Amino acid sequence: MTKVTKKKIAIDPVTRLEGHGKIDIFLDEKGGVEHAYFRIPELRGFEVFSIGRPAEDMPQITSRICGVCPTAHHMASIKALDDLYKIEPSVPAKKIRELVYNTFMLEDHALHVYILGGPDFIVGPNAPPEMRNFLGVIQKVGKDVGKKIISMRRRLREFITHIGGKVIHPVLGLPGGVAKGIALEDLPRFQELARDGLDFALFTLRVFKDIILKNKDYMDLITSDVYTHKTYYMGLVDENNKVNFYDGQVRVIDPYGSEFAKFTVQKYLDYIAEHVEPWSYIKFCYLKPVGWNGFTEGAESGIYSVAPLARLNTANGMATPEAQKTYEEFYSTLGGKPVHYTLANHWARIVEMIYAAERMNELIHDVDITSQDLRVIPKETPTVGMGVVEAPRGTLFHHYETDENGIIRKTNLIVATQNNSGRIAMSVEKAAKGLIHNGEISEGLLNMVEMAFRAYDPCNACATHCLVGSMPFRIAIYDHKRNVVREITRVGEN
Amino acid sequence: MPNHGQSILVLGLGNDLLKDDGVGIAAVQKLRDVLDISIDCVQASTSGLGLMDYLAGRDKVIIIDAIVLVPEKVGQVFEWHLDELSTGTVFSPHYVGLFEIREIARLLTLPFPKELKVLGIVVKDPFAIGEKMSPEVEGAIDKVVEMVKKIISIWQKETEIAFP
């Protein structure tokens, strides 16, 4: 353990995080934490780049900007185009989109569970950093499981490629439908994939239960005050208020679990506003009717959260049987709704993996899924279009305004991590203050600070329209005079 | 030139909508026209574990990517063998994890390339959205093409000696 006094610690960029980020921790004269900031660099020029282009290019452009969740941007964008041309896609087209989308959600959540966030628990928060990664996970769960993870991810991605074109840059969606259907002869192998996907999700739940739920120390960590915030939550729900990733209305609940708002995407600007801080490029979203009340929690503060835990809190349940069973166990174990423990996001993510896999099974066995009624041709003159989906990391809004020829005049994107940014900032500061005392800073403690935001699976790649991928990670420590006194560089991965 | 059945992949990484970050993609576009059709030229925007899907099962691979170093070196091209690359020394959003990927492949007994070269082009601005690269970076593409041709020619000669 290193003894440091009057310092600032900066963690830059953050490890196992999708995109490039940095944390600055300022110590006071006694070696306690005065402030902790989560910063991300800016990627410039998206709005300017999009203006003057045909709206039909947006699903490709927005998905190409982010290599992390291209399918989420693609779907939000396609839905915004449906709205722009005031067109309702055919039922089979919607089901194909939803099938591809759930496949993507399963694959992306698996990435986080086993590779990005999971190592903190599967290997352990205090394990040496060289072991706290996927290699450590393999050693813990065994080589056969490692092979299973690699193979399942590859097969899910291959399916998305088959239906939607390239995984990184999907070309599936068109305004009013999809470009390609599913051939009858391909059904058996896709049905097998969906079945294996569900086995995989249920297997992941067993791994989680064995390693985490049975470990009292881990459960104490998950439910500790350091990782707790009582905020509002936001997520998409279907007509029965069940979690839905692809479609529905946006629902917001207050810190006590009561419905605060429920609205269609077209009303999002009535509910979401953005606050700017001088130390960050990110715009911090808050609930407009509540107002900005600083980085504080409770019903008086407009800060809200999105992502798996928020989705579960926002909904009344899951629309599929196994996911519903796990959902009920989640709340009975953690003390009822809403759950405010940030680290419970990891468990919530597994509930969602099960839902995604079950929904894949429902859709791939649906009679409409091989229909060739794939598109309704747009006829209306475009003006404004808005679309929303639940990205793996939370609610994602696309908003375009065009001239009568469908040429973009204005765009506005609110991405998942931006919705979460206020709560992430609070989480980092609270964890730093709760864990670092008297200037004693160990590798394990710093990792536990990182865990506070890693649980959200934050993606900075588009939160500030930032660089895709991940980069190495630097922790710098500053004293109360703002001098850097210690730096730790690590290697990122994803 | 004959390829003697070995599977060679030239993999360009990056994002062609992020100005200089697209240099790897652009280089592979050019290489497609000049290399033998037996050599696979692939453009990808993936990173980390996603690279495993491209690398597993290949005999020899050249990865072309943008890297960020000091401004004086913009437009320069660096060549490394995987063994020479220390993960802490090169700041690319795409390289990170190559060592781990090889280690994962070894642990899981997945086939991993016997030879893996990385060509890194030092870029100026990979943080802005746009399709046009900096002139110094665009000017480096011809050099990359020559370096790739040379590496492949050496690999093919080695194979000819081994399998005359």
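Here the structure is a predicted model, which means the values were calculated and not measured.

Trainee: Before we go on, may I ask you to explain the packing of helix H3 (residues 70-84) of chain A against helix H4 (residues 91-116) of chain A in this structure?
Mentor: Packed helices, taken two at a time, are described by the angle their axes make and the gap between the axes. Residue and element names in this part refer to chain A. The contact between H3 and H4 brings their axes to 10 Å, and the two run at 155 degrees. With respect to each other, H3 and H4 are oriented roughly antiparallel. In terms of crossing hand, the pair formed by H3 and H4 is left-handed. Facing H3, whose interface residues are Thr71, Ala72, Met75, Ile78, Lys79 and Asp82, H4 presents Arg97, Val100, Tyr101 and Phe104. Its residues assigned to classes, the contact of H3 with H4 shows six nonpolar, one polar and three charged.

Trainee: How should the confidence of the model for chain A be read in this particular structure?
Mentor: If pLDDT is low for a region, its predicted coordinates should not be looked at in detail. Residue and element names in this part refer to chain A. Looking at chain A, the pLDDT average stands at 86 and 87% of residues meet or exceed 70. Note that pLDDT drops below 50 for residues 1-6; the model gives that stretch 27 contacts with residues more than four away or on any other chain. Low confidence marks residues 463-473, where pLDDT is under 50. Its contacts with residues over four positions away, or in another chain, come to 77 contacts.

Trainee: I'm lost on empty space enclosed by the protein in this one. Help?
Mentor: Which parts of space are left empty comes out when a probe the size of a water molecule is rolled across the atoms. All names here are of chain A. Tallied over the full model, the rule gives eight cavities of 30 Å³ or more. As a volume, the second largest cavity reaches approximately 100 Å³. Considering the residues around the second largest cavity, the lining is formed by 13 residues, among which Val113, Gly118, Phe208, Ile212 and Ile350 are closest to the centre. Among the secondary structure elements, those contributing two or more residues to the lining of the second largest cavity are H4, helix H5 (119-122), helix H8 (187-213) and helix H13 (345-364). Grouping the constituent residues of the lining of the second largest cavity by class yields eight nonpolar, four polar and one charged.

Trainee: Looking at this structure, how should I read the pattern of salt bridges?
Mentor: Two side chains with opposite charge may pair up if their charged atoms get near one another. All names here are of chain A. In the structure shown here, the tally under the stated rule is 37 salt bridges over all chains. Salt-bridge contacts for Asp225 lead to Lys430; the nearest nitrogen and oxygen are separated by 3.6 Å. Of the two residues, Asp225 sits in the loop between helix H9 (216-222) and strand S7 (232-237) while Lys430 sits in helix H14 (residues 416-435), which places them 205 residues apart along the sequence. Residue class for Lys430 comes out partly exposed when judged on its relative accessible area of 22%. Close ionic contact of Arg311 with Glu390 constitutes a salt bridge, the shortest N to O distance being 2.7 Å.

Trainee: Looking at this structure, I do not really get the layout of surface pockets. What am I missing?
Mentor: Residue and element names in this part refer to chain A. Quantified by volume, the second largest pocket comes out at close to 360 Å³. Around the second largest pocket, the lining comprises 19 residues; the ones closest to its centre are Lys79, Glu88, Asp247, Val265 and Gln266. Elements that contribute at least two residues to the lining of the second largest pocket include exactly H3, H4 and strand S13 (384-391). Taken together, the residues of the lining of the second largest pocket break down into six nonpolar, five polar and eight charged.

Trainee: Got a minute to help me understand unusual backbone geometry in this structure?
Mentor: Only a minority of non-glycine residues have a phi that is not negative, and only a minority of peptide bonds are not trans. With an omega dihedral of -15 degrees, the bond running from Lys337 of chain A to Pro338 of chain A counts as a cis peptide bond. Its place among the elements puts Pro338 of chain A in the loop between helix H12 (321-334) and H13. With a phi close to 65 degrees, Asn241 of chain A is a non-glycine residue in the positive phi region. Relative to the helices and strands, Asn241 of chain A is located in the loop between S7 and strand S8 (249-253). We classify Asn241 of chain A as buried; its relative accessible area is 12%. At Thr109 of chain B, a residue that is not glycine, the phi angle is positive and equals roughly 50 degrees.

Trainee: I would appreciate a short explanation of the sheet that holds S8 of chain A in the present structure.
Mentor: Strands in a sheet are paired, the pairing made by backbone hydrogen bonds, and the direction either parallel or antiparallel. Strand order in the open sheet formed by four strands is S9-S8-S7-S12 (chain A), and the pairing between neighbours is mixed. Each edge of the sheet is formed by a strand with only one pairing partner; in this case those strands are strand S9 (259-263) and strand S12 (304-305) of chain A.

Trainee: It is not clear to me how the nonpolar core should be interpreted in this structure. Could you clarify?
Mentor: When a protein is soluble and globular, its nonpolar side chains tend to lie buried together. By size, the foremost hydrophobic cluster in this structure holds 182 residues, and its most contacted members are Tyr114 of chain A together with Ile64 of chain B. Examining the composition of this core, we find that 14 residues originate from one element, H4 of chain A, more than from any other. Once residues within four sequence positions are removed from consideration, Tyr114 of chain A is found in contact with Pro119, Ile122, Phe134, Val137, Ile149, Phe200, Phe203, Thr204 and Val207 of chain A. By size, the runner-up hydrophobic cluster in this structure holds 18 residues, among which are Val252, Val265, Leu287 and Val306 of chain A.

Trainee: Sorry if this is basic, but what is going on with the sheet that holds strand S15 (residues 408-414) of chain A here?
Mentor: Residues and elements named next belong to chain A. The three strands lie next to each other as S13-S14-S15, forming an open sheet whose pairing is antiparallel. The open sheet is flanked by S13 and S15, the only strands paired with a single partner. Strand-to-strand, the axes of this sheet are offset by a mean angle of 10 degrees, without reference to chain direction. Judged from the six bridges that link them, strand S14 (residues 394-402) and S15 form a sheet pairing that is antiparallel. Bridge pairing in S15 places Phe397 opposite Ile414.

Here is what the cut-offs are and how they apply
Residues numbered from 1 in each chain as written. Chains lettered and ligands numbered in written order. Predicted model: local features only at pLDDT ≥ 70, side-chain atom pairs only at ≥ 80, totals over all residues. Heavy atoms only, no water. Axes fitted to C-alpha atoms, helices over the stretch in contact; angles between N-to-C directions. Helix = DSSP H or I, 4+ residues; strand = E, 2+ residues; numbered from the N terminus. Parallel < 35°, antiparallel > 145°, perpendicular 65-115°, else oblique. Left-handed = near helix turned anticlockwise from the far one by under 90°. Contact = heavy atoms within 4.5 Å. Nonpolar A, V, L, I, M, F, W, Y, C, P; charged D, E, K, R; others polar. pLDDT = per-residue confidence, 0-100. 1 Å grid on protein atoms, 1.4 Å probe; cavity = no way out; pocket = protein on both sides within 12 Å on 5 of 7 lines; lining within 4 Å. Points joined across faces, edges and corners; volume = space filled by probe spheres on them. Salt bridge = Lys/Arg side-chain N within 4 Å of Asp/Glu carboxyl O. Buried < 20%, exposed > 50% of the residue type's maximum accessible area, 1.4 Å probe, protein only. Pairing = 2+ DSSP bridges. Core = buried A, V, L, I, M, F, W, Y, C linked by side-chain atoms within 4.5 Å.

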